[in-house]
Amino acid sequence: MIRTIRRYGTLIGIIAVILFFWINIPDTFMTARNWLNISQQVSMLAVTAFTMTIVMAMGDFDLSVGSMASLSGIVAALAFKAGVPVPAAIILALGVGVLGGLINGALVSYVGILPFVATLGTLTIFSGFAFLISGGKTIFGTDIPASFSGFARSGVPLFPAGEQWVFLPYLTLLALIVLLVVWLLLEHTVYGRRLYAIGGNTEAARLAGVRVRFLRFSAFGLTGLGAAAAGLMYASRVASANPTQGSGLMLSAIAAVFLGMTMSEEGEPRVLATFFGVLILGVLDNGLTQMSVDSYVREILVGTIIVLAVASSSLSKLEQR
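Residues numbered from 1 in each chain as written. Predicted model: local features only at pLDDT ≥ 70, side-chain atom pairs only at ≥ 80, totals over all residues. Heavy atoms only, no water.

## Concerning the pattern of salt bridges
Definition in use: Salt bridge, as applied in this entry: a Lys or Arg side-chain nitrogen positioned within 4 Å of an Asp or Glu carboxyl oxygen. Segments assigned H or I by DSSP are reported as helices when at least four residues long, segments assigned E as strands when at least two residues long, and all are numbered from the N terminus. A 1.4 Å probe rolled over the protein chains alone gives each residue an accessible area, and that area as a share of the maximum for its type sets the label: buried under 20%, exposed over 50%, partly exposed in between.
Applying the stated criterion across every chain, the model contains four salt bridges. The salt bridge partner of arginine 216 is aspartate 60, with a shortest N-O separation of 2.9 Å. Placement of arginine 216 in helix H11 (residues 212-238) and of aspartate 60 in the loop between helix H3 (43-56) and helix H4 (65-81) is noted, with a sequence separation of 156 residues between them. Aspartate 60 matches arginine 216 in its accessibility class, with the two residues each being buried. A cluster of three or more residues bridged by salt bridges with shared partners is formed by Glu187, Glu268 and Arg270.

This is how it looks when you write it as structure tokens:
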């Protein structure tokens with residue numbers, strides 16, 4: 001019984017949370033428009049959490065993703081302000097994300113610094129750069145091209161509702177594409193299997209001929225790319241960029257991956273399970289906002305969820321030994 005609850009606790013939790021909000025806010029919660037709204041709200045977190053799963057598959061994690069999201073948004077906004085075309089500015093911001101991720105990977109793989117210490121240090125560096133190049137100011141208004149900000153407000157038309165159409169937001173679609181790519185990468189390629197081999201036993205993987213250092217180096221680069229993409233999505237959604245706009249992503253992304261790990265029989269990070277972790281955080285946020293619950297309560301709930309998820313994962317691993 002305890003094992004069943006531990007294995008399916010997250011799934012049961014999702015159903016319980018949905019039922020709770022469905023009962024308490026029946027007119028607005030369980031509607032197609034609200035669920036599409038939830039999908040758009042969590043799309044930035046989803047992209048960050050899906051790519052965070054790549055490094056967590058190796059037993060590592062990246063604390064700098066929030067700062068990198070802020071920095072990439074600022075880089076794109078400053079490029080727009082300087083007259084750089086939108087595609088070039090987006091490529092530049094994504095390049096900054098990859099570079100930041102590779103710096104993390106080099107510090108962890110080739111210098112030998114623990115991921116916690118290395119990414120905590122770069123978190124501060126990336127955040128400092130974002131404040132330095134922006135002057136600590138929010139970039140908005142005519143500096144942000146309409147074609148960039150319009151992306152987040154557009155989508156694929158699904159069905160008419162009254163005089164208006166209901167759209168599948170492009171941000172949601174982009175998050176689903178990232179989910180598919182990360183799933184294929186981790187579950188259906190030699191690259192992904194080797195990352196899990198490193199997470200299972202690094203020394204055994206090295207002795208088996210796996211290029212541990214290069215794989216860790218490249219995996220952090222992919223996580224940096226995901227953080228930069230999330231920063232661009234956020235900048236597009238709010239049509240502005242400021243040096244702190246990605247600050248909440250890191251903790252929520254790690255929480256989502258840990259929640260997903262409770263659904264895995266081996267207690268490993270699986271990106272499809274991370275999807276459900278993102279879903280429960282998104283539903284909680286949406287439901288509590290509709291019920292006008294203080295945002296501090298959400299922070300308490302997220303912190304509690306992390307502790308429970310990590311405890312559940314630890315107990316599962318102890319049971320397997």
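More follows now that the structure is in view.
## Some points on H4
Which entries qualify depends on this criterion: Expected span, for any helix, means 1.5 Å times one less than how many residues it has.
In this model, H4 (17 residues) spans 24 Å end to end at C-alpha, consistent with the 24 Å of a helix rising 1.5 Å per residue. Just beyond H4, the residue with positive phi is glycine 83, at close to 90°.

## Thoughts on the nonpolar core
Definition in use: Nonpolar cores were defined as sets of buried Ala, Val, Leu, Ile, Met, Phe, Trp, Tyr and Cys residues, with membership established by side-chain atoms within 4.5 Å. Every residue pair with non-hydrogen atoms within 4.5 Å of one another is taken to be in contact.
Within the largest apolar cluster, 86 residues are counted, with the highest numbers of intra-cluster contacts made by Phe21, Phe50, Met52, Leu195, Val278 and Leu281. Discounting residues that sit within four places of it in the chain, phenylalanine 21 has contacts with Pro26, Phe29, Val283, Leu284, Gly287, Leu288 and Met291.

## With respect to the side chain of glutamine 40
What counts, and what does not: By the criterion applied in these results, polar contacts are pairs of N or O atoms within 3.5 Å in which, for protein atoms, one can donate a hydrogen and the other can accept it, and in which residues neighboring in sequence qualify only through two side-chain atoms.
Here glutamine 40 lies in helix H2 (residues 32-41). Judged by its relative accessible area of 15%, glutamine 40 is buried. Of the polar contacts made by the side chain of glutamine 40, one reaches the backbone oxygen of alanine 152; its length is 2.7 Å. Once residues lying within four places of it in the same chain are set aside, the contact partners of glutamine 40 are Ala152, Pro169, Leu171, Thr172 and Arg237.

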